[in-house]
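# Coordinate analysis (summary)
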There are 2 protein chains.
Amino acid sequence: MKRSPGWSGSKGTPIAAVGEFGLIDRLHRIVEEETARLGVTTDSVSIGIGDDTAAIRPSPGFETLVTCDIQVDGRHFLREWITPHDLGARIGTINLSDIAAMGGIPRAAIVSLAIGPGAAVEDLEELYRGLTRRLGEHGATLIGGNVSGISEGLILDLTLLGEVEIGRAVRRSGVAPGQIVWATGMPGASAAGFALLQAGWTGGEDGDLDALISAYLHPVPRVAEGRRLGETGLARAMIDLSDGLVGDLRHLVERRPFGILLRAENLPIGEELRRAAIELGRSPQSFLLEASDDYELLFTTDPDAVDPVTELFAGPGRPPVQPIGEVVGDFAGEVVLEDVDGRIRPASPTGWDHFPSGG
Amino acid sequence: MKRSPGWSGSKGTPIAAVGEFGLIDRLHRIVEEETARLGVTTDSVSIGIGDDTAAIRPSPGFETLVTCDIQVDGRHFLREWITPHDLGARIGTINLSDIAAMGGIPRAAIVSLAIGPGAAVEDLEELYRGLTRRLGEHGATLIGGNVSGISEGLILDLTLLGEVEIGRAVRRSGVAPGQIVWATGMPGASAAGFALLQAGWTGGEDGDLDALISAYLHPVPRVAEGRRLGETGLARAMIDLSDGLVGDLRHLVERRPFGILLRAENLPIGEELRRAAIELGRSPQSFLLEASDDYELLFTTDPDAVDPVTELFAGPGRPPVQPIGEVVGDFAGEVVLEDVDGRIRPASPTGWDHFPSGG
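Residues numbered from 1 in each chain as written. Chains lettered and ligands numbered in written order. Predicted model: local features only at pLDDT ≥ 70, side-chain atom pairs only at ≥ 80, totals over all residues. Heavy atoms only, no water.

## Section: the overall build of chain A
Scanning chain A from terminus to terminus reveals 10 helices and 13 strands. In terms of overall dimensions, chain A is globule-like: its C-alpha atoms have a radius of gyration of 21 Å, near the 21 Å expected for 359 residues. Its C-alpha atoms put chain A at 65 × 50 × 45 Å along the principal axes. In chain A, which comprises 359 residues, the proportion classed as buried is 57%. Nonlocal contacts in chain A, meaning residues at least 24 apart in sequence, comprise 84% of its contacts between residues at least 6 apart. (Helix = DSSP H or I, 4+ residues; strand = E, 2+ residues; numbered from the N terminus. Rg over C-alpha atoms; globule rule 2.2 N^0.38 Å. Buried < 20%, exposed > 50% of the residue type's maximum accessible area, 1.4 Å probe, protein only. Contact = heavy atoms within 4.5 Å.)

As structure tokens, this is what we get:
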């Protein structure tokens with residue numbers, strides 16, 4: 001299956017026709033337009049694009065959060081499968097999701113862009129538009145970066161700064177036995193969407209399956225939810241779901257003397273995943289256990305926090321939230337799954353290892 | 001000419017043998033060792049490597065500076081010409097130099113690393129060692145990042161955070177007619193060193209030429225000098241020299257109603273550049289006018305600042321500093337060169353355009 005998702009490529013304006021500084025001007029204009037259009041507050045930006053560094057003013061009493069993610073053509077994305085706009089939005093989501101998982105407020109980003117001959121000026125404008133919009137939807141703005149040419153491909157590395165009240169970041173290390181483990185949204189949806197695309201679905205055939213394909217192509221970060229979970233102190237530990245439900249939960253307990261027990265009956269398996277499982281001849285559970293970058297939040301709370309968490313997620317526009325298991329004193333460093341018949345087994349396969357061993 | 005500068009490559013430990021998380025552990029250990037060995041203060045780092053984001057605590061009354069730079073194998077560096085240790089140091093220098101040019105204090109960095117099959121675990125450890133040392137020499141520390149696999153090559157993107165008293169960053173926009181233009185060090189040395197390497201020199205043949213080769217292979221950032229120029233208020237505008245003397249000075253005046261007049265007799269052309277020019281059959285001046293990434297500082301001061309600037313750079317371990325011209329009311333947006341016989345001509349060729357037009 002080949003999609004044709006709107007890269008101008010050789011049909012667009014070659015970058016050499018505008019030059020490095022012409023390109024930077026055009027991208028700068030996109031950032032200004034979109035930031036203004038969305039009404040993003042930029043009071044904290046004291047130096048924007050165009051000096052040796054950018055500068056932002058931290059809010060008094062806050063500390064600065066910083067995260068980055070790189071997307072390399074052919075490895076992290078395929079131009080046949082994603083539009084430039086969606087690629088920009090996606091790298092925004094990946095980084096926003098990390099700030100969300102600390103209970104933080106996204107503020108400002110800088111981007112490194114390395115461009116081979118295959119991208120047109122219009123493609124990069126679309127990419128910047130997607131990125132600036134996604135950042136702007138969550139209150140953040142692009143304040144700088146650099147652009148360089150490479151012999152082929154496209155590399156995009158985004159660094160996002162956020163902030164949180166000093167000492168109030170929700171750490172992974174806050175996890176402890178007795179806590180409830182929660183997941184937002186529909187973990188595994190992205191893995192199912194990707195499997196559907198690979199099997200030849202293109203979207204538009206079926207509402208349920210479309211939702212999964214969209215979860216893969218258009219993931220959204222849970223910024224407001226992460227912030228509320230941090231601000232209220234409800235979340236004791238939090239991580240975002242970028243490697244797969246089990247792989248990410250394992251990060252919470254690795255090298256700790258306790259583990260996580262998931263209950264199969266509580267896993268959030270919706271009608272969509274069941275439909276996809278039938279179409280693809282797989283078990284619905286398999287999508288939750290394998291690698292899947294859903295950009296949902298995984299978090300733990302004290303056992304008495306069920307009502308306030310449920311309340312926090314009530315209301316229109318909020319994702320579903322579900323208690324899926326608990327932190328237990330045994331199974332040190334492991335994530336295990338209790339089946340509906342009470343049998344306990346390791347929850348696997350694992351999440352992504354970018355360099356799997358075994359060779 | 002091929003150098004063999006110590007990449008283990010296929011003779012080293014393949015990354016798959018240790019896995020993604022094993023690799024991260026080993027790199028993390030390098031950072032801890034080097035940071036401790038250099039005695040770098042990490043009080044401001046509240047969350048280091050290993051959570052969804054890192055976190056640092058801004059100093060009260062300071063704003064946060066942020067810059068990034070990407071280095072792509074085959075484009076920005078060649079493994080035949082640079083050791084992994086020097087590559088790490090180099091990307092440190094590039095970013096430190098940007099913070100220096102704002103008069104700021106470097107604090108903390110995060111790195112995105114994308115690795116093809118051609119690099120061994122030992123290579124990446126050396127790269128991290130070079131990077132952590134260079135950062136540590138200037139008081140900064142590595143606090144996070146991410147690692148991913150790609151089909152070939154090596155990509156390194158570093159984001160560096162620094163800080164400066166609120167409103168005290170030395171901006172490019174501070175430039176105004178009547179100011180003196182200064183350069184530290186020996187601009188063009190890097191271009192000459194690169195030309196020598198291309199012509200078959202390898203270093204070790206001749207002290208003068210070695211100094212130039214070293215300027216290309218081992219550039220050092222002028223962090224202490226930039227900070228002092230900012231702190232004292234002497235520098236009215238500042239930029240680091242990464243594109244070439246003329247290219248970078250042009251960034252100071254582009255779109256402004258004034259220009260910069262350089263005086264040929266004041267250009268800092270030392271014995272080394274003269275020697276290289278003879279060996280290569282070129283004019284010494286040509287190295288100063290073309291692209292050259294020297295990571296020196298270019299800055300302007302009020303006309304009465306000659307004595308304090310000279311004093312600031314006096315003493316052992318300081319680079320030379322030289323008034324090379326002035327900001328003038330005409331030649332809007334341009335950099336011009338007054339020859340020793342009084343003739344004025346455009347100072348060219350230009351600095352780097354990563355996407356030169358004309359095709």
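## So, the relation of the copies chain A and chain B
The transformation that overlays chain A on chain B combines an axial shift of 0.0 Å with a rotation of 180 degrees, and the residual RMSD is 0.0 Å. Taken together, the rotation and translation describe the operation of a two-fold axis. (Least-squares fit on C-alpha atoms with pLDDT ≥ 70 in both.)

## Focus: the sheet that holds strand β2 (residues 54-56) of chain A
Strand order in the open sheet made by the six strands is β1(A)-β2(A)-β3(B)-β6(B)-β4(B)-β5(B), with mixed pairing throughout. Single-partner strands in this sheet number two, and they are β1 (45-47) of chain A together with β5 (141-149) of chain B. Going across the sheet, the axis of each strand differs from the next one's by a mean of 20 degrees, ignoring polarity. In terms of strand pairing, β2 of chain A meets strand β3 (residues 62-72) of chain B through three bridges, oriented antiparallel. Across the sheet, residue isoleucine 56 of chain A finds its bridge partner in β3 of chain B, namely threonine 64 of chain B. (Pairing = 2+ DSSP bridges. Axes fitted to C-alpha atoms, helices over the stretch in contact; angles between N-to-C directions.)

## Notes on the interface of chain A and chain B
It is common to report an interface's size as the accessible area lost on association of the parts. Chain A puts 68 residues into the contact, and the matching count from chain B is 68 residues. Overall, the association of chain A and chain B removes approximately 5400 Å² of surface from exposure, summing both partners, and the carbon and sulfur fraction of that is 57%. The interface formed by chain A and chain B holds 10 salt bridges in total. Inspection of the chain A/chain B interface yields 28 residue pairs in polar contact (both at pLDDT 80 or more). For the side of chain A that touches chain B, the leading source of residues is strand β3 (residues 62-72) of chain A, giving 10 residues. (Buried area = accessible area lost by both parts, 1.4 Å probe. Salt bridge = Lys/Arg side-chain N within 4 Å of Asp/Glu carboxyl O. Polar contact = N/O pair within 3.5 Å; in protein donor to acceptor, adjacent residues only side chain to side chain.)

## Description of the confidence of the model for chain A
On average, residues of chain A score 92 in pLDDT, and 96% of them reach the 70 mark or higher. Here the prediction assigns the complex a pTM of 0.93, and the interface score ipTM is 0.92. (pLDDT = per-residue confidence, 0-100.)

## What to know about the state of the cysteines
Throughout the structure, instances matching the rule amount to zero disulfides over all chains. Left unpaired, cysteine 68 of chain A is separated from the closest cysteine sulfur, that of cysteine 68 of chain B, by 10 Å. Residue class for cysteine 68 of chain A comes out buried when judged on its relative accessible area of 7%. (Disulfide = S-S within 2.5 Å.)

## With respect to helix α8 (residues 271-280) of chain B
One full turn of an α-helix is made of 3.6 residues, so residues set three or four places apart face in the same direction. All names here are of chain B. All of the buried residues in α8 are Leu273, Ala276 and Ala277. All buried residues of α8 fall inside an arc of 100 degrees around its axis, so they share one side. Looking at the buried positions of α8, the neighbouring elements they touch are α4 (189-198), α5 (207-217) and α9 (284-289). Where α8 terminates, the next one or two residues include glycine 281, which has phi positive at roughly 65 degrees. (Arc of directions from axis to C-beta.)

## Topic: the pattern of salt bridges
Within this structure, the stated rule accounts for 54 salt bridges over all chains. The salt bridge partner of aspartate 51 of chain B is arginine 171 of chain A, with a shortest N-O separation of 3.1 Å. Residue aspartate 51 of chain B is located in the loop between β1 (45-47) and β2 (54-56), and its partner arginine 171 of chain A is located in the loop between β6 (154-165) and β7 (180-184); the two belong to separate chains. Looking at aspartate 51 of chain B, the relative accessible area reads 13%, which means it is buried. Across the salt bridge formed by arginine 79 of chain B and aspartate 73 of chain B, the nearest N and O atoms sit 2.7 Å from each other. Taking relative accessible area as the criterion, arginine 79 of chain B reaches 16% and is therefore assigned buried.

## Details of the environment of leucine 131 of chain A
Residue and element names in this part refer to chain A. Mapping leucine 131 onto the fold places it in helix α3 (residues 121-137). Separated by 41 residues in the primary sequence, leucine 131 and arginine 90 place their C-alpha atoms 7.5 Å from one another. In this view, leucine 131 contacts Gly88, Ala89, Ile91, Gly92, Val111, Leu142 and Leu158; residues no more than four positions away in its chain are not counted.

## Things to note about the pairing of strand β4 (residues 105-115) of chain A
Counting buried positions over the 11 residues of β4 of chain A gives nine, a clear majority of the element. Read as a crossover between parallel neighbours, the route from β4 of chain A over α3 of chain A to strand β5 (residues 141-149) of chain A is right-handed. (Right-handed = clockwise from strand over helix to strand, strands pointing away.)

## Details of helix α1 (residues 15-37) of chain B
All names here are of chain B. An ideal rise of 1.5 Å per residue puts 33 Å on 23 residues; α1 reaches only 26 Å between its terminal C-alpha atoms. The axis of α1 is deflected most strongly, by about 75 degrees, at phenylalanine 21. Considered for burial, the residues of α1 that qualify are Ile15, Gly19, Glu20, Leu23, Leu27, Ile30, Val31, Glu34 and Thr35. Taken together, the buried residues of α1 touch β4 (105-115), α3 (121-137) and β5. Following α1 by one or two positions, glycine 39 adopts a phi angle in the positive range, close to 65 degrees. (Expected span 1.5 Å × (residues − 1). Bend = angle between axes of the 7 residues up to and from the residue.)

## Structural notes on the packing of helix α4 (residues 189-198) of chain A against helix α5 (residues 207-217) of chain A
Residues and elements named next belong to chain A. At a minimum axis separation of 7 Å, α4 and α5 run at an interaxial angle of 105 degrees. Here α4 lies roughly perpendicular to α5, going by the angle between them. Contacts between α4 and α5 involve Ala189, Ser190, Ala192, Gly193, Phe194, Leu196 and Leu197 from the first element and Leu209, Leu212, Ile213, Ala215, Tyr216 and Leu217 from the second. Considering only residue class, the contact of α4 with α5 consists of 11 nonpolar, two polar and no charged. (Parallel < 35°, antiparallel > 145°, perpendicular 65-115°, else oblique. Nonpolar A, V, L, I, M, F, W, Y, C, P; charged D, E, K, R; others polar.)

## Considering unusual backbone geometry
Despite not being glycine, tyrosine 295 of chain A shows a phi value in the positive range, around 55 degrees. According to the relative accessible area criterion, tyrosine 295 of chain A is buried, its value standing at 4%. Even without a glycine there, the phi angle at phenylalanine 331 of chain B is positive, about 55 degrees. By the secondary structure assignment, phenylalanine 331 of chain B is in the loop between β11 (321-328) and β12 (335-338). Phenylalanine 331 of chain B gets classed as partly exposed once you look at its relative accessible area, which sits at 33%.

## Regarding the sheet that holds β5 of chain A
Reading across the sheet, the six strands line up as β5(A)-β4(A)-β6(A)-β3(A)-β2(B)-β1(B) and stay open at both edges, with mixed pairing between neighbours. Edge strands, defined here as strands with exactly one partner in the open sheet, are β5 of chain A together with β1 of chain B. Strand-to-strand twist across the sheet, computed as the mean angle between neighbouring axes with direction ignored, equals 20 degrees. Pairing between β4 of chain A and β5 of chain A: eight bridges, direction parallel. Looking at the pairing, serine 112 of chain A lines up with asparagine 146 of chain A of β5 of chain A. Where helix α1 (residues 15-37) of chain A meets the sheet, it contacts β4 and β5 of chain A, and its direction lies at approximately 165 degrees from that of β5 of chain A.

## Topic: the domain arrangement of chain A
Residues and elements named next belong to chain A. Per the domain assignment, the segments of chain A are domain 1 (9-165) and domain 2 (172-346). Computed over C-alpha atoms only, the centres of domain 1 and domain 2 are separated by 28 Å. In this assembly, 19 residues from domain 1 lie in contact with 20 residues from domain 2. Of the roughly 1700 Å² buried between domain 1 and domain 2 on both sides combined, carbon and sulfur atoms contribute 58%. Three residues stand out in domain 1 for area buried against domain 2, namely Trp81, Arg90 and Ala101, and they jointly supply 35% of the buried area on that side. Two residues, glutamate 165 and arginine 227, come together in a salt bridge whose shortest N-O distance is 2.7 Å. (Domains from an automatic or database assignment.)

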